[in-house]
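Observations on chain architecture
Chain by chain, the residues run as shown.
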Amino acid sequence: SADSSRKYKSYTFSAHAQTKGGYLVLGRTDGAVALYDYIMQSENASCVIDSHKVGAVTSVDVAADGTMIVWTTAEFVLFTCVNSGHWAKGTNEPKPVVLRLRMSEADEAKYGPDDGEELALWGSSKFDATTHRDEHGLYEREIISYRGRLQVRWSVRDAKSAWEALSE
């Protein structure tokens, strides 16, 4: 019913995103990101990406086709690629590696805080989904985040290339 709810024993969820096909990604206060194959029919996640427990997840986004995930904590923007095995229960797919996105040193020096100030914490991070695929088959062209008054953008193609190199 519309007013039903469920209490989970172990985790407090802090952010969520859903794919076009109904898969669910939940950010948790312990810094992990959990993938669910059906919308919360079971408390057990299909895959828990917990290699970077660096504070509560403040935002999470997933590509429309479910192949890429980006999430934010106060200090980090993290990115990974997943496949259908990560969404299905019982496949024993190894956890994907996680890539940390950051500003270039040149941009931090140019746009960073003035003397005596600290660099602002990260705001939410999202994919900029478009209505058509590009020449590489991607709907998402950029990952966009905010750090204080700065808007930071990363190319999805470059992030995927860096992730693939890290995976190898």
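Model, not experiment: these values are computed from the prediction. (Residues numbered from 1 in each chain as written. Predicted model: local features only at pLDDT ≥ 70, side-chain atom pairs only at ≥ 80, totals over all residues. Heavy atoms only, no water.)

1. As for the packing of aromatic side chains
- According to the stated counting rule, one finds two aromatic pairs in the structure shown.
- With a centroid separation of 5.0 Å and an interplanar angle of 20°, the aromatic rings of Y23 and W87 are classed as stacked. With Y23 in the loop between strand 1 (13-18) and strand 2 (24-28) and W87 in helix 1 (residues 84-87), this pair connects stretches of sequence that are 64 residues apart. (Phe/Tyr/Trp six-rings, centres within 6.5 Å; stacked < 30°, edge-to-face > 60°. Helix = DSSP H or I, 4+ residues; strand = E, 2+ residues; numbered from the N terminus.)

2. Some points on the sheet that holds strand 3 (residues 33-36)
- One open sheet accounts for four strands, arranged 1-2-3-4; its pairing is antiparallel. The sheet terminates laterally at strand 1 and strand 4 (47-49), the two strands that pair on one side only. Pairs of neighbouring strands in the sheet enclose a mean axial angle of 20°, with direction left out of account.
- Judged from the three bridges that link them, strand 3 and strand 4 form a sheet pairing that is antiparallel. (Pairing = 2+ DSSP bridges. Axes fitted to C-alpha atoms, helices over the stretch in contact; angles between N-to-C directions.)

3. Structural notes on the sheet that holds strand 6 (residues 68-72)
- The four strands lie next to each other as 5-6-7-8, forming an open sheet whose pairing is antiparallel. One side of each edge strand has no neighbouring strand; the edge strands of this open sheet are strand 5 (59-62) and strand 8 (99-101). Averaged over all neighbouring strand pairs, the angle between strand axes comes to 20°, with direction disregarded.
- Pairing analysis gives four bridges linking strand 5 to strand 6, with the strands arranged antiparallel. Pairing of V62 across the sheet is with I69, part of strand 6.
- In this fold helix 3 (residues 156-167) packs onto strand 6, strand 7 (77-81) and strand 8, with an angle of close to 70° to the strand it touches most, strand 7. (Contact = heavy atoms within 4.5 Å.)

4. A look at the side chain of S46
- With respect to the helices and strands, the residue S46 is situated in the loop between strand 3 and strand 4.
- In this structure the side chain of S46 is engaged in a polar contact, spanning 2.9 Å, whose partner is the backbone oxygen of W87.
- Contacts of S46, omitting those with residues within four sequence positions, involve L35, Y36, D37, H86, W87, A88 and K89. (Polar contact = N/O pair within 3.5 Å; in protein donor to acceptor, adjacent residues only side chain to side chain.)

5. Re the pattern of salt bridges
- Throughout the structure, instances matching the rule amount to four salt bridges.
- The salt bridge involving R141 is made with D128; its shortest N-O contact spans 3.3 Å. Note that R141 is positioned in strand 10 (residues 140-147) and D128 in strand 9 (residues 122-129), a separation of 13 residues in sequence.
- Among the residues examined, D128 registers a relative accessible area of 13% and is labelled buried.
- The salt bridge involving E142 is made with R153; its shortest N-O contact spans 2.3 Å. Separated by 11 residues along the polypeptide, E142 in strand 10 and R153 in strand 11 (residues 150-155) bring together distant segments of the chain.
- Taking the relative accessible area as the measure of exposure, E142 reaches 24% and is therefore partly exposed.
- Overall, the relative accessible area of 43% leaves R153 in the partly exposed class. (Salt bridge = Lys/Arg side-chain N within 4 Å of Asp/Glu carboxyl O. Buried < 20%, exposed > 50% of the residue type's maximum accessible area, 1.4 Å probe, protein only.)

6. Describing the pairing of strand 2
- In terms of residue burial, strand 2 counts as a mostly covered element, since five of its five residues are buried.
- The alternating pattern of strand 2 places L24, L26 and R28 on one face and V25 and G27 on the opposite face, and all of these are buried.
- Where strand 1 lies against strand 2, five bridges are found, and the strand directions are antiparallel. Paired with A15 across the bridge in strand 2 is G27.
- The antiparallel hairpin formed by strand 1 and strand 2 contains five residues in its connecting segment, where G22 sits at a positive phi of about 100°.
- One ladder, built from four bridges, connects strand 2 with strand 3; its direction is antiparallel. Looking at strand 3, one finds that V25 is bridged to L35.

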